[in-house]
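So you can see what is in the structure, the chains are spelled out below.
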2 protein chains.
Amino acid sequence: MSNLLIKCMAVLTMTGEDGIIHRGEIAIRGGEICHVGASGSTPGDFKADRILDCPGMVAMPGLVNCHTHAAMTMLRGYADDMPLMQWLKEKIWPMEDHLTAEDIYQGTLLSCAEMIKGGTTTFVDMYFEMEQVARAVEESGLRAVLSRGMAGFGPNAEKAMRENIELVEKWNGRAGGRITVRFGPHAPYTCPPDYLKRVIEEAKRLGVGIHIHLAETLDEINEISEKYDKSPIRLMEETGLFELPVLAAHCVHVDDKDIEILARRKVGIAHNPQSNMKLASGIAPVSRMLEAGATVGLGTDGASSNNNLDLLEEVRTAAFLQKLSTGDASVLPAYQVLSMATAGGAKALGLEEQIGCIKPGYKADMILFDMHKPHLYPLYDIYAQIAYAALSSDVATVIIDGQIVMENRRILTLDEEAVMQAAGRSAKALVERKNASQKNK
Amino acid sequence: MSNLLIKCMAVLTMTGEDGIIHRGEIAIRGGEICHVGASGSTPGDFKADRILDCPGMVAMPGLVNCHTHAAMTMLRGYADDMPLMQWLKEKIWPMEDHLTAEDIYQGTLLSCAEMIKGGTTTFVDMYFEMEQVARAVEESGLRAVLSRGMAGFGPNAEKAMRENIELVEKWNGRAGGRITVRFGPHAPYTCPPDYLKRVIEEAKRLGVGIHIHLAETLDEINEISEKYDKSPIRLMEETGLFELPVLAAHCVHVDDKDIEILARRKVGIAHNPQSNMKLASGIAPVSRMLEAGATVGLGTDGASSNNNLDLLEEVRTAAFLQKLSTGDASVLPAYQVLSMATAGGAKALGLEEQIGCIKPGYKADMILFDMHKPHLYPLYDIYAQIAYAALSSDVATVIIDGQIVMENRRILTLDEEAVMQAAGRSAKALVERKNASQKNK
């Protein structure tokens, strides 16, 4: 790993709204940031092996995608515009039954390529065949928090538990520390309290956290309320889940008491505005959550309910959706929503002392926006420009753990062409297998 | 103008959901489409001067941006995250007072560059110094519907009327027919009925249509209701506005009776979902409007309330917002929302027999999407891929009126670099003028 010096138009440190360094530079040594300051401020004893001189670019921490199912890019656009349960039962689940380990590997590689090109440096995944996901993460150079999605009933409950334990044992802390593993109990309505208690026990034993879907739809609220006479959040509180570090995806349907619990128990919330809109799930009360002191990051969810993994779109949508739903154009301003996509996301994953900011001692995870585009002129306010006007395709260069993973839009860790071709072939074979099995029925 | 033959992966004709021609080709002669069909189907007597062979691209009609204030890119990101009236009074209007004709020209050129790069081939504008806007449109090669924004009271009421009349006389039908002019009475709350009646008279005399803001905010509804005891739509109906071809921007706050009027009077509705979200205006009931037979196109509104002119973002946001607001994930599916951005927009402008579809006899306004990107793999459904996963930066090539305006992301009609630099300089001088005038107060 070489010593890197980045010189750019501005550094958004994301350590505070005034943390903009115009004509700034960042020195990176051994995967870590060792200096951030104005042009020329890097100590003389820092010997750069390489200088990235980017006078037309803005550096900021890499984006953190707090919730996705990466391999589902394999089903991108396979079925859309359908009511949730019909979509799952008739389309998504039958296709998932035919996904092979190889499909999951190829689908995740494709997602990694897409996320790198969109400026995401860390993502949180929940799926199956997670060994394949870990392989793809290791190759791509991304940072990731991985969990095996577990349903607590049916024939796969024990298998999933075993696989998540193995995933922790084999992959937690691997890929030079870029991979963290959590347990992935799917949701309160698929994991009964007894099963969850066993998950909690195992997670405590292994010293890892939890990634779960919580309070996504009204159907879930109704089902949990009928069964347990309480909200999903309160059920999880009683089950003891929040004694562990928890990342809860969605939290769309939550009341003030739920929000108080989420804030007090320091639960990380992954807000997925486009998925919640596309599936007609609802609007998470993000501005109330933030007011209550809760930690909120942003996620894309899987590509079949989005249909891309573009976190910058989520930034814009999150801000606009809160303005709309509160009737107040001043809520969730540009800096705050960009903070959710970086420092906030890092905190939601319990990685706030490692990533999400550009400051000495932090991991060198950062992106460079090329501001030399018609839609980014003129430039009055960098936060507003990136939050409200920029496209993910304006990200020119991506650095993760000190490694240049993309430079001037070219991915250096993966063969982008081969990844696309392989994903296309996998998808074709997948459809053929599914069609053949239908004929056999 | 040369004869062009385009060969591509697929042609989305947008003449109907089944109007996909896989491995298609389009022949263009003299600015018009003369043939569309499968590969090899072009009649032998068509002599192409140039063949665009694009096996990895999808052709579709150019996007129609039904409502913007192009020169407001000059204020992009100048003020955000504020309540509407405070934002207008303290920030936008004081800056607009200092805009010169040159600023408007440069800001519009910048917008034209941005729109071309995002796949927009026709836009609808309302602003002042419209002569400058017309010049920029003529140079850029875009198609546009222009109107002078008119407030019906205050010292500028007569000046605005006179300027709109001159704009019609001088520019309607100009730029090889690419420019159409309408009258631009700003809104019911800024244009009293007597003034509107004079506008209607002039528009009838000159044989042109109207472009107006209607039912954008609840404040407007309350103000009009207090003054006239009816909704803005009903007030316009009574004033006789709908006897003319009308393009009404927003229509956020409308009831069933309003929708019935809009549909019956064939008013074109410009839906601006991101602006309506960012300004916390509300959600237009687009799916009910479409059910009632109304004509709806999409717009970005000005860059200061968006903050870009990216119509493909509006496509995605429009679809997701209707799913969310109706609670039904099946409403406004991919084809329908893409149709709003093309054929629907054309109809909203009364240009449905000239643009919005790829078919013989229509103007050759079309765009080519480069599908060879990680976020566009694998490919199951082209409509869903473009509506829900593509970025405006995936548009590789843009043809307007038979002219190749952008090829492989390079604009051929404008010097993009010079346009950006000039816009940057104009913005800097604008801020200096404004600051100087504040000191003098």
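Just so we're clear, the structure is a prediction, and the values are computed from it rather than from any experiment. (Residues numbered from 1 in each chain as written. Chains lettered and ligands numbered in written order. Predicted model: local features only at pLDDT ≥ 70, side-chain atom pairs only at ≥ 80, totals over all residues. Heavy atoms only, no water.)

Considering the UniProt feature "binding site: Zn(2+)" (unreviewed entry) in chain A
Residue and element names in this part refer to chain A. Those places that UniProt annotates as "binding site: Zn(2+)" (unreviewed entry) correspond, in this numbering, to His67, His69, His213 and Asp301. Spanning 235 residues, the named residues form one tight spatial group whose C-alpha atoms are at most 11.9 Å apart. Its location among the elements puts His69 in the loop between β5 (63–68) and α1 (84–96). Contacts of His69, omitting those with residues within four sequence positions, involve Asp125, Met126, Tyr127, His213, Asp301 and Gly302. Separated by 3.4 Å, the side chains of His69 and His67 make a polar contact. With respect to the helices and strands, the residue His213 is situated in strand β9 (residues 210–214). (UniProt positions renumbered as here; feature names shortened; annotations may be inferred. Helix = DSSP H or I, 4+ residues; strand = E, 2+ residues; numbered from the N terminus. Contact = heavy atoms within 4.5 Å. Polar contact = N/O pair within 3.5 Å; in protein donor to acceptor, adjacent residues only side chain to side chain.)

Re the pairing of strand β9 (residues 210–214) of chain B
All names here are of chain B. Taken across its five residues, β9 has five buried, putting it largely inside the fold. Both faces of β9 are covered, namely the face carrying Ile210, Ile212 and Leu214 and the face carrying His211 and His213. As defined by bridge partners, β9 adjoins strand β10 (residues 246–250) across five bridges and the pair is classed as parallel. Following the sheet pairing, Ile210 is matched in β10 by Val246. (Buried < 20%, exposed > 50% of the residue type's maximum accessible area, 1.4 Å probe, protein only. Pairing = 2+ DSSP bridges.)

Topic: the domain arrangement of chain A
Residues and elements named next belong to chain A. The domain architecture assigned to chain A consists of domain 1 (4–61 + 357–408) and domain 2 (63–341). Computed from C-alpha coordinates alone, the two centres of domain 1 and domain 2 are separated by 29 Å. At the junction of the two partners, domain 1 supplies 28 residues and domain 2 supplies 27 residues. The interface formed by domain 1 and domain 2 contains two salt bridges. Residue Asp401 pairs with Arg143 through a salt bridge whose shortest N-O separation is 2.9 Å. Breaking the side of domain 1 that touches domain 2 down by element, the ones donating at least two residues are β4 (50–61), β13 (366–370), α13 (382–389), β14 (395–400) and β15 (403–407). In terms of residue count, the dominant contributor to the side of domain 1 that touches domain 2 is α13 (six residues). (Domains from an automatic or database assignment. Salt bridge = Lys/Arg side-chain N within 4 Å of Asp/Glu carboxyl O.)

Focus: the pattern of salt bridges
Should the charged atoms of two oppositely charged side chains come close, the side chains can pair. Evaluation of the coordinates by the stated rule reveals 54 salt bridges over all chains. The salt bridge partner of Glu131(A) is Lys170(A), with a shortest N-O separation of 2.6 Å. With Glu131(A) in helix α3 (residues 130–140) and Lys170(A) in helix α4 (residues 157–171), the pair connects residues that are 39 residues apart, well separated along the chain. The exposure class assigned to Glu131(A) is partly exposed, which follows from its relative accessible area of 31%. With a closest N to O distance of 2.6 Å, Glu407(B) and Arg50(B) form a salt bridge. Taken together, the positions of Glu407(B) in strand β15 (residues 403–407) and Arg50(B) in strand β4 (residues 50–61) put the pair 357 residues apart, joining distant regions of the chain. Overall, the relative accessible area of 36% leaves Arg50(B) in the partly exposed class. Connected through salt bridges with shared partners, the residues Glu237(A), Lys257(A), Glu260(A), Arg264(A) and Arg265(A) form a single ionic network.

Examining the relation of the copies chain A and chain B
Superposition of chain A onto chain B requires a rotation of 180° combined with a translation of 0.0 Å along the rotation axis, giving an RMSD of 0.0 Å. On this basis, the relationship between the two copies can be described by a two-fold rotation axis. Ranked by how close their C-alpha atoms come to the rotation axis, the residues of chain A are headed by Ser393(A), at 3.5 Å. Most of the interface of chain A is mirrored in chain B: 100% of its interface residues are interface residues there too. (Least-squares fit on C-alpha atoms with pLDDT ≥ 70 in both.)

Topic: the side chain of Asn276(A)
The topology assignment puts Asn276(A) in helix α9 (residues 273–278). Accessibility expressed as a relative area gives 0% for Asn276(A), which makes it buried.

So, the interface of chain A and chain B
Facing 65 residues of chain A, the contacting portion of chain B comprises 65 residues. Roughly 4,800 Å² is buried in total at the junction of chain A and chain B, and carbon and sulfur atoms are behind 66% of that figure. Per-residue buried area on chain A facing chain B is highest for Asp81(A), Pro374(A) and Tyr380(A); these three make up 16% of the total on that side. Inspection of the region where chain A meets chain B yields four salt bridges. Its salt-bridge partner being Arg316(A), residue Glu313(B) comes within 2.5 Å of it at the nearest N-O pair. (Buried area = accessible area lost by both parts, 1.4 Å probe.)

A look at the sheet that holds strand β13 (residues 366–370) of chain B
Residues and elements named next belong to chain B. Within the open sheet, the eight strands sit side by side as β3-β2-β1-β4-β13-β14-β15-β16. Their pairing is mixed. Edge strands, defined here as strands with exactly one partner in the open sheet, are β3 (32–38) and β16 (410–411). Sheet contacts for helix α13 (residues 382–389): β1 (4–12), β2 (20–29), β4 and β13; angle to β1, the most-contacted strand, approximately 90°. (Axes fitted to C-alpha atoms, helices over the stretch in contact; angles between N-to-C directions.)

Focus on unusual backbone geometry
Most peptide bonds take the trans configuration, and most residues that are not glycine carry a negative phi. Residue and element names in this part refer to chain B. For the peptide bond that leads from Asn306 to Asn307, omega is 10°, which places it in the cis range. With respect to the helices, strands and loops of the structure, Asn307 is situated in the loop between β12 (295–298) and α11 (311–326). Residue Tyr377 is joined to Pro378 through a cis peptide bond whose omega torsion reads -20°. For Pro378, the position within the fold is in the loop between β13 and α13.

What to know about the state of the cysteines
Under the definition given, this model contains zero disulfides over all chains. Take Cys66(A): it sits in no disulfide, and the sulfur closest to it among the cysteines is that of Cys251(A), at 12 Å. Given a relative accessible area of 0%, Cys66(A) falls into the buried group. With no disulfide partner, Cys54(B) has as its closest neighbouring cysteine sulfur the one in Cys8(B), 6.9 Å distant. A relative accessible area of 10% places Cys54(B) in the buried class. (Disulfide = S-S within 2.5 Å.)

Some points on the packing of helix α2 (residues 101–117) of chain B against helix α14 (residues 416–440) of chain B
Relative orientation and spacing of two packed helices are given, respectively, by the angle between their axes and the distance between those axes. All names here are of chain B. Running from amino to carboxyl end, α2 crosses α14 at an angle of 140°, the nearest separation of the two axes being 9 Å. What the angle tells us is that α2 and α14 run oblique. When you trace α2 past α14, the crossing you get is left-handed. Contacts between α2 and α14 involve Asp103, Gln106, Leu109, Leu110, Ala113 and Lys117 on the former and, on the latter, Glu416, Val419, Met420, Ala422, Ala423, Ser426, Leu430 and Arg433. Counted by class, the contact of α2 with α14 contains eight nonpolar, two polar and four charged residues. (Parallel < 35°, antiparallel > 145°, perpendicular 65-115°, else oblique. Left-handed = near helix turned anticlockwise from the far one by under 90°. Nonpolar A, V, L, I, M, F, W, Y, C, P; charged D, E, K, R; others polar.)

Some points on the environment of Gln106(A)
Residue and element names in this part refer to chain A. When you line up the elements, Gln106 lands in helix α2 (residues 101–117). A relative accessible area of 9% places Gln106 in the buried class. Considering only alpha carbons, one finds Gln106 and Leu75, 31 residues apart in sequence, at a separation of 12 Å. Separated by 2.8 Å, the side chains of Gln106 and Glu102 make a polar contact.

A word on the confidence of the model for chain A
Low pLDDT means the predicted coordinates in that region are not meant to be read closely. Here chain A averages 97 in pLDDT, and 100% of its residues register 70 or above. Interface confidence for the predicted complex, given as ipTM, is 0.97, next to a pTM of 0.98. (pLDDT = per-residue confidence, 0-100.)

Remarks on the sheet that holds β15(A)
Pairing is mixed in the open sheet, where eight strands are placed in the order β3-β2-β1-β4-β13-β14-β15-β16 (chain A). Each edge of the open sheet carries a strand with a single partner, namely β3 (32–38) and β16 (410–411) of chain A.

Looking at α14(B)
All names here are of chain B. With 25 residues, α14 should reach 36 Å at 1.5 Å per residue; the first-to-last C-alpha distance of 36 Å fits that figure. If you check which residues of α14 are buried, you get Glu416, Val419, Met420, Ala422, Ala423, Ser426, Ala427, Leu430 and Lys434. In this structure, the buried residues of α14 make contact with α1 (84–96), α2 and β16. (Expected span 1.5 Å × (residues − 1).)

Some remarks on the nonpolar core
Within the largest apolar cluster, 258 residues are counted, with the highest numbers of intra-cluster contacts made by Phe242(A), Ile386(A), Phe242(B) and Ile386(B). If we ignore the near neighbours within four places in the chain, the residues touching Phe242(B) are Leu214(B), Ile233(B), Met236(B), Glu237(B), Ile261(B), Leu262(B), Arg265(B) and Val267(B). (Core = buried A, V, L, I, M, F, W, Y, C linked by side-chain atoms within 4.5 Å.)

Looking at the pairing of β13(A)
All names here are of chain A. Counting buried residues along β13, four of its five residues qualify, which places the element largely inside the surrounding structure. Sheet topology places β4 next to β13; five bridges connect them, and they run antiparallel. Opposite Val58, over in β13, you have Phe369 as the bridge partner. The pairing of β13 with β14 spans four bridges and is classified as antiparallel. Counterpart to Leu368 in the pairing with β14 is Thr397.

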